[in-house]
Each structure stands twice: as structure tokens, then as C-alpha cells.
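Here's the letter readout for the chains.
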Amino acid sequence: MFAAQDITKGEFIIEYLGEIVSRGEANARGIACEARAKESGGGAVFIFELDAERCIDGNFPYNDARFINHACRTNCEAVREGDRILFYAARDISAGEEILYNYAYPLENFLDHPCNCGFPECVGYIVSELDRKKLRRLLRGRKPNRPKNG
Ligand SMILES: [Zn+2]
């Protein structure tokens, strides 16, 4: 999704529209959708976490916000207002710039969510900014790392 006009920091961009479902239902839909995507080679899951119990399934043509791509460097933020998810500009955005948001998947299954955004802060996986440091340490631990004197 690209900005059609200049957007000022703090300005409302778009709402993430969809159907509010329980976390269990969202997980079931996500798994079914991923299975379909594997068969057809296309498709994606558009589940946005609303709170601990509920998610918004945004897999509907009227939800243009589902086209916002992930990147580890972002220019907008999602704010929960009641049962709604609203995207606001986190800085000034120029017309033609891509709108980017950090999907911030849980660290536990980072391997399922590789990232190739190319920004210097990218760890290679889609995780929250807060989890990046932890993941860097984790990834370093996975490589053979022998002390010189030992
Ligand atoms: Zn990245």
C-alpha cells in the first residue's frame, strides 16, 4: 500500500476492518488459510490481534489495510481504540512512499516468519522491536562459537 498524498506525522491513515473473532477461531482460520495457500501458492493470513481473547479477521475485499506490508523499519503505528484498530502516521510520509508496519509476530515461532525487508535493523525474521535484541542473541547462540583458548 502506497501513500496517494503527503501524510503528516500523527495523521489517521486507515482502519483495519474485518470480523471480530475469538483467538481460537482466528487460529483455526489462520491454519486453514495457510493450508490453502500452500496448495495454491497464493493467499495470506490477515489476522490482527485485538486483545488477549480476540482478533480481527481482515481477509475481506473491503479491508484495504490488509495490503499494508511488513518491514522492520516502519512509518505508521496501529492504535487500538475500543474494538477498532486504527493506523496513524508515525512520521511524515511523502506521496508515493510505501506504508510499512511491523507485524511483530511472537518470538516463539520466529522461524515461521522470515523477513527480507532489507533495512539495516532487520534480524531476518518478523519480530517486535523489543524482541529483536533477544533474537540476535538467540541466533548467535545457534552458530558454533568456540572459545580460542579451550
Ligand atoms: Zn526485516
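Quick note: structure is the one above.
All of these numbers come straight from a predicted model, not from anything done at the bench.

S.K.: Would you mind showing me how to read the overall build of the protein here?
M.R.: Scanning the protein from N- to C-terminus turns up two helices and eight strands. When the elements of the protein are put in sequence order from the N terminus, they spell out β-β-α-β-β-β-β-β-β-α. Across its three principal directions, the C-alpha atoms of the protein cover 60 × 35 × 30 Å. Going through the 150 residues of the protein one by one, you find that 35% of them count as buried. In the protein, the share of contacts with a sequence separation of at least 24, taken over all contacts with a separation of at least 6, comes to 66%.

S.K.: How do you make sense of helix H2 (residues 132-142) when you look at a structure like this?
M.R.: Because an α-helix packs 3.6 residues into every turn, residues spaced three or four apart end up facing the same way. When we look at burial in H2, the residues that qualify are Arg132, Leu135 and Leu139. For H2, the angular spread of buried residues about the axis comes to 60 degrees, placing them on one side. Along H2, exposed side chains directed more than 90 degrees from the buried face belong to Lys133, Arg137, Arg140 and Gly141.

S.K.: Help me out: how do you make sense of the coordination of the zinc ion in this one?
M.R.: Any two of four tetrahedral donors ideally make an angle of 109.5 degrees at the metal, while pairs among six octahedral donors ideally make 90 or 180 degrees. For the zinc ion, the full set of protein donor atoms is Cys72 (SG), Cys115 (SG), Cys117 (SG) and Cys122 (SG), at a range of 2.3 to 2.4 Å. Along the chain, the residues donating to the zinc ion are arranged with the sequence spacing C-x42-C-x1-C-x4-C. Judged by its relative accessible area of 24%, cysteine 117 falls in the partly exposed class.

S.K.: Help me understand the pairing of strand E1 (residues 12-16), please; the structure alone is not making it clear to me.
M.R.: Look at any regular strand and the pattern is simple: side chains alternate between the two faces of the sheet. In terms of burial, E1 is a largely internal element, four of the five residues being buried. Relative to strand E7 (residues 84-89), E1 is paired through four bridges, and the arrangement is antiparallel. Bridge pairing in E7 links glutamate 15 to leucine 86.

S.K.: Could you clarify how one ought to interpret the sheet that holds E1 in this entry?
M.R.: What links the strands of a sheet is backbone hydrogen bonding, and the strands pair in either a parallel or an antiparallel sense. Taken together, the three strands give an open sheet; going across it, the order is E1-E7-E6, and neighbouring strands pair in antiparallel fashion. Because the sheet does not close on itself, it has two edges, and the strands there are E1 and strand E6 (76-81). Averaged over all neighbouring strand pairs, the angle between strand axes comes to 30 degrees, with direction disregarded. Bridge analysis of E6 against E7 gives six bridges, and the strand direction is antiparallel. Paired with glutamate 77 across the two strands is tyrosine 88, which belongs to E7.

S.K.: Just checking my understanding: could you explain the packing of aromatic side chains for this structure?
M.R.: Centre distance and the angle of the planes are the two values used to describe a pair of aromatic rings. Taken as a whole, this structure holds eight aromatic pairs when the rule is applied. With a centroid separation of 6.0 Å and an interplanar angle of 85 degrees, the aromatic rings of phenylalanine 48 and phenylalanine 87 are classed as edge-to-face. Of the two residues, phenylalanine 48 is situated in strand E3 (residues 47-49) and phenylalanine 87 in strand E7; the sequence distance between them amounts to 39 residues. Since its relative accessible area comes to 15%, phenylalanine 48 is described here as buried. Under the relative-accessibility criterion, phenylalanine 87 is labelled buried at 2%. Aromatic rings pair up to connect Tyr16, Phe48, Phe87 and Tyr101 into one cluster.

The rules behind each value
- Residues numbered from 1 in each chain as written.
- Predicted model: local features only at pLDDT ≥ 70, side-chain atom pairs only at ≥ 80, totals over all residues.
- Heavy atoms only, no water.
- Helix = DSSP H or I, 4+ residues; strand = E, 2+ residues; numbered from the N terminus.
- Buried < 20%, exposed > 50% of the residue type's maximum accessible area, 1.4 Å probe, protein only.
- Contact = heavy atoms within 4.5 Å.
- Arc of directions from axis to C-beta.
- Donors = N, O, S within 2.8 Å, 3.2 Å for Na, K, Ca; no water.
- Pairing = 2+ DSSP bridges.
- Axes fitted to C-alpha atoms, helices over the stretch in contact; angles between N-to-C directions.
- Phe/Tyr/Trp six-rings, centres within 6.5 Å; stacked < 30°, edge-to-face > 60°.

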